[in-house]
Amino acid sequence: MLIVQKYGGTSMGSSERIQNVANRVSLSLYASYKSHKQYVKDKDNVNRNNKLVVVVSAMSGVTDGILEHAGFFTSTPNERDLDMALSSGEQMSAALLSIALNAKGLKSIALNGRQAGIFTDSNHTKARIQYIDTTNIYKLLDDGYIVVVTGFQGLSNSGEITTLGRGGSDLSAVALAGALKANVCEIYSDVDGVYTTDPRIESKAKKIDRISYDEMLELASMGAKVLLTRSVELAKKLNVPIYARSSFSDDSGTLITTEENIMEKPIVSGIALDKNQARVSLISIQDRPGIAAELFGKLSKANINVDMIVQTIGRDSKTNLDFTVPKNELEKAKNTLNEFDSYADLIDYDNEVAIVSIVGVGMKSHSGVAAKAFQVLAKDNINIRMISTSEIKISMLIDLKYAELSVRVLHAAYKLDQ
Ligand code: ADP
Ligand code: ASP
Ligand code: MG
């Protein structure tokens, strides 16, 4: 069996933790899957040697530390150089894990993005993987090595080191699992799976056994950072089964798979919270063809990610247009929107907001899910400022001060704690 594993920053956070990862990797050489709930890691029970590719993140705090250092000099560091600095975090942790594995008497080798054959576009600090040349990794696996690969980085066609964006190691792992045609991709963090909501917000959150790619996509994109959205997108496209597990327990974790593989389709699977969005409102903006195209065209050109767009029916050639942007892009958005001042009576910004979302495939065939959410929030006097829906999701923009409370009351209302 070929297994790709990924260990996140917390799992790699100290020498002791890297030793713990090395011990787990060594046991995984003998792991087998009897069923998705029966993950056997007993050397005596199974006498088969797996092939292992292990993707690692930088030790926790290292990436933030590098960004902080760069920020000492300028708020807009040169992105090519920043990538060179950022990639060093993963290079250190990959090498340390390989040293630990070799010290245990196992045969291991650490590769950086280039050595692993991960090629990206040249969009520094948020590069996209274009292809993976698996020649080197396959050869090393055939030679009996455990291959440890730096997550979060690759090489552009012009030979520059690139990074994939925050949390990008999840993506590296899924992309490698897809390219190597691995049997599974295991993503290890500090939670033993995907929960009905962030267990740090609601201690009554329950672990989900299986969840569909689409539900996980919505949860991740709406704030459940246990998996990076782009990694789930890719896993769905390449049909890579993901197990989300903890590196601190032996729990079987959560399987992220196709909807067909899920027998019981709950109406609501989980609640996600995103506190990183800000609201932008253009009040009494001219209502004529081309306004939205011009406005969102400019925002897109400035590389600003717009979400949750709501426009109301216009009256007297005026309308209101509201949307959200990531908080850390709000300043950029303000600068871009300056030139639209004359188009609207008022452009209003609000940083003190959060988006709470309800996700579930069962919503497709059930009515009343939204009505219930609105009633529950109303009962706690939580005002809903914007609403957007998809087939399997309802998102509501609320005041930041109600963020955690809204998660807890919704979690209880859909009986996710039972
Ligand atoms: P890593 O550093 O290993 O990549 P992350 O910190 O990115 O790990 O992701 C794990 C964290 O995701 C958990 O500590 C948890 O607080 C958070 N999280 C948010 N929503 C969920 C959820 N629905 N289920 C599980 N964890 C969640
Ligand atoms: N080290 C990078 C980060 O902190 C990538 C990752 O951990 O996935 O964002
Ligand atoms: Mg992560």
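As annotated in an unreviewed UniProt entry, the protein chain carries the name Aspartokinase and is attributed to Helicobacter muridarum. Listed in UniProt under the heading Catalytic activity (unreviewed entry), the comment for the protein chain reads: "L-aspartate + ATP = 4-phospho-L-aspartate + ADP".

### A look at the layout of surface pockets
By volume, the second largest pocket is sized at about 420 Å³. In this structure, the second largest pocket is lined by 19 residues; those nearest its centre are I208, D209, R210, E264 and P266.

### Some details on the UniProt feature "domain: ACT" (unreviewed entry) in the protein chain
The positions that UniProt labels "domain: ACT" (unreviewed entry) are, in the present scheme, residues 280-356 and 358-418. This span, residues 358-418, is 36% helix and 23% strand, and a straight line between its end C-alpha atoms measures 17 Å.

### Observations regarding the site of ligand 1
Taken together, 17 residues surround ligand 1, and among them K6, D190, Y195, D198 and R200 come closest. At a separation of 2.8 Å, an oxygen atom of ligand 1 approaches a polar side-chain atom of D190. Between Y195 and ligand 1, the recorded distance is 2.9 Å, taken from a backbone N or O atom to a nitrogen atom. Relative to its unbound accessible surface of 580 Å², ligand 1 loses 89% to contact with the protein. Considered class by class, the residues forming the shell around ligand 1 number seven nonpolar, five polar and five charged.

### Notes on the pairing of strand β21 (residues 386-390)
Here β21 runs beside strand β22 (residues 393-399); their pairing, made up of five bridges, is antiparallel. Paired with S390 across the bridge in β22 is K393. If you look at the hairpin formed by β21 and β22, you'll find two residues sitting between the two strands.

### Things to note about the packing of helix α5 (residues 169-179) against helix α7 (residues 229-238)
Where α5 contacts α7, the axes come no closer than 8 Å and their chain directions differ by 10 degrees. The orientation of α5 with respect to α7, classified from their angle, is roughly parallel. Contact with α5, carried on its side by D170, L171, V174, A175 and G178, involves R230, S231, L234, A235 and L238 of α7 and no other residues of that element. Across the contact of α5 with α7, the residue classes tally to six nonpolar, two polar and two charged.

### Here's the deal with the site of ligand 2
Around ligand 2 lies a shell formed by S57, A58, T63, E90, F152, R166, G167, G168 and S169. In the environment of ligand 2, an oxygen atom lies 2.9 Å from a nitrogen or oxygen atom belonging to the backbone of G167. A distance of 3.3 Å separates an oxygen atom of ligand 2 from a polar backbone atom of G168. In isolation ligand 2 exposes 260 Å². Once the protein is present, 87% of that is buried. Each residue belonging to the shell around ligand 2 can be placed in one class, and the counts come to two nonpolar, five polar and two charged.

The rules we used
Residues numbered from 1 in each chain as written. Chains lettered and ligands numbered in written order. Predicted model: local features only at pLDDT ≥ 70, side-chain atom pairs only at ≥ 80, totals over all residues. Heavy atoms only, no water. UniProt positions renumbered as here; feature names shortened; annotations may be inferred. 1 Å grid on protein atoms, 1.4 Å probe; cavity = no way out; pocket = protein on both sides within 12 Å on 5 of 7 lines; lining within 4 Å. Points joined across faces, edges and corners; volume = space filled by probe spheres on them. Helix = DSSP H or I, 4+ residues; strand = E, 2+ residues; numbered from the N terminus. Near = heavy atom within 4 Å. Polar contact = N/O pair within 3.5 Å; in protein donor to acceptor, adjacent residues only side chain to side chain. Areas by Shrake-Rupley, 256 points an atom, 1.4 Å probe, with all protein chains shown as cover. Nonpolar A, V, L, I, M, F, W, Y, C, P; charged D, E, K, R; others polar. Pairing = 2+ DSSP bridges. Axes fitted to C-alpha atoms, helices over the stretch in contact; angles between N-to-C directions. Parallel < 35°, antiparallel > 145°, perpendicular 65-115°, else oblique. Contact = heavy atoms within 4.5 Å.

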